Amino acid sequence: MSSTDYKFEGWMGLDASAAEGNMKWQEFEPKPWEENDVDIQVTHCGICGSDMHTLRSGWGPTDYPCCVGHEIVGKVVRVGSKATGDIKIGDRVGVGAQSGSCQNYDGNCEACANHLEQHCNRMTGTYNGTYLNGGKSYGGYSLYNRSPSHFVVKIPDAIPSAEAAPMLCGGITTYSPLRQHGCGPGKKVGIVGVGGLGHFGILFAKALGADKVVAISRKADKKEDALKLGADAYIATSEDKDWAAQNSQSLDLIISTVSSSKMPIVEYCSLLRTRGTFVQLGAPEDGKLEIPAFSLIVRGIKLGGSLIGSPDEIREMLDLAATKKIHPWVEERPMKDANQAILDMDAGKARFRYVLANEW
């Protein structure tokens, strides 16, 4: 199939009202073709909270028009002569939240040299970004996607496409900090927030062998789901009296997936044992997080953050998911119904990830 046999069309956010279910279906111009690129016929694309933040310019002004979606799975229809990764036409592949870095060109920065491409100072997001060749990045609420091959990964046969898609952002965003901070046998881990990210946190913490996984949420309405996902215990912070005191110094690692500056971070840190680690994933729109300085000082607690994961980490995560038979909770929605799907996701109706599916 040549480059002239298909058009790049998708759901475009033209202004901040797009987040209110006002995306428009129209054609767009992908990045100028380079010989390390791959074109993908999109079959599935997960809906991520980042999509909503971007559509409404919540993290700063969005470069409209913008086609969001960075949990992309589909079939390769064009491969550049300099593409890496042994990618062939017809392969089932995926693209996560990053599709560019200096790795595409000189690869000289420290982050890329150490296979930490997500921290490259020339990182390009899969949407709302600008590649080093000047082209804009457009995401997967679309029929086709063009991405540099370095950020295109093959999907193991054992993982259905609808389940693989949300792993490419939601999954890796929790897997990477769990892996990097030693989640495994002998560790007790807390996951704050039981949603799209948090449910992956529970699944991967268990798959990595944590001795105990505690789900933490404001209300008790997700307790049954959290336990079905594999959590060993559940804390409802707005309903469990004295929850902080009762669970004091009981965890080695906490992964926080929530995006609110009003979270009780001081109390969360009180759940950590001496020299425990708190990792923040969610990026609040509504203000800055308080630093629990006294807790950090007294017990030597480490406070950190994490951003998606590298292509190598994504491959490692997918291999683990295939081996351990990890099945995220997903609901497929037709791509044509994307406007309603983002409204339902933003209203908290997803249990726990919506995945848009094209009709091919």
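Every chain is numbered independently, its residues counted from 1 as its sequence is written. Whole-chain, interface and lining totals are the exception, using all residues; otherwise, since this is a predicted model, local features are given only for residues with pLDDT of at least 70 and side-chain atom pairs are given and counted only at 80 or more. As a convention, hydrogens and water are excluded, and side-chain values are obtained from all of the structure's heavy atoms.

The name recorded for the protein chain in an unreviewed UniProt entry is alcohol dehydrogenase (NADP(+)), from Penicillium citrinum. UniProt positions are given in the numbering used here, feature names are shortened, and annotations may be inferred rather than shown by experiment. Under the UniProt heading Subunit (unreviewed entry), the entry covering the protein chain gives this text: "Homodimer." According to its UniProt record, the protein chain has this under Sequence similarities (unreviewed entry): "Belongs to the zinc-containing alcohol dehydrogenase family."

A. Summary view of the packing of aromatic side chains. The aromatic pairing rule takes the rings of Phe, Tyr and Trp, using the six-membered ring of Trp, and pairs them if the centres are within 6.5 Å, calling planes under 30 degrees apart stacked, those over 60 edge-to-face and the rest tilted. Scanning all chains against the criterion turns up 12 aromatic pairs. With a centroid separation of 5.4 Å and an interplanar angle of 75°, the aromatic rings of Trp11 and Trp25 are classed as edge-to-face. Residue Trp11 is located in strand β1 (residues 9-12), and its partner Trp25 is located in strand β2 (residues 24-27); the two are separated by 14 residues in the primary sequence. When the centroid spacing of 5.9 Å and the interplanar angle of 55° are considered together, the rings of Trp243 and Tyr268 count as tilted. Of this pair, Trp243 sits in helix α6 (residues 243-246) while Tyr268 sits in helix α7 (residues 265-270), and the two are 25 residues apart along the sequence. Each residue is assigned to one of three classes by its accessible area relative to the maximum for its type, calculated with a 1.4 Å probe on protein chains only: buried under 20%, partly exposed between the two thresholds, exposed over 50%. According to the relative accessible area criterion, Trp243 is buried, its value standing at 9%. Every member of this aromatic cluster is reached through a ring pair, and the members are Tyr6, Phe8, Phe28, Tyr138, Tyr144 and Trp360. The ring of Tyr354 carries Arg333 above its face, with NZ or CZ at 4.8 Å from the centroid. Helix and strand assignments follow DSSP, with helices taken as H or I runs no shorter than four residues and strands as E runs no shorter than two, numbered in order from the N terminus. Only lysine NZ and arginine CZ atoms are considered, and such an atom sits over a ring when it is within 6 Å of the ring centre and within 35 degrees of the ring normal.

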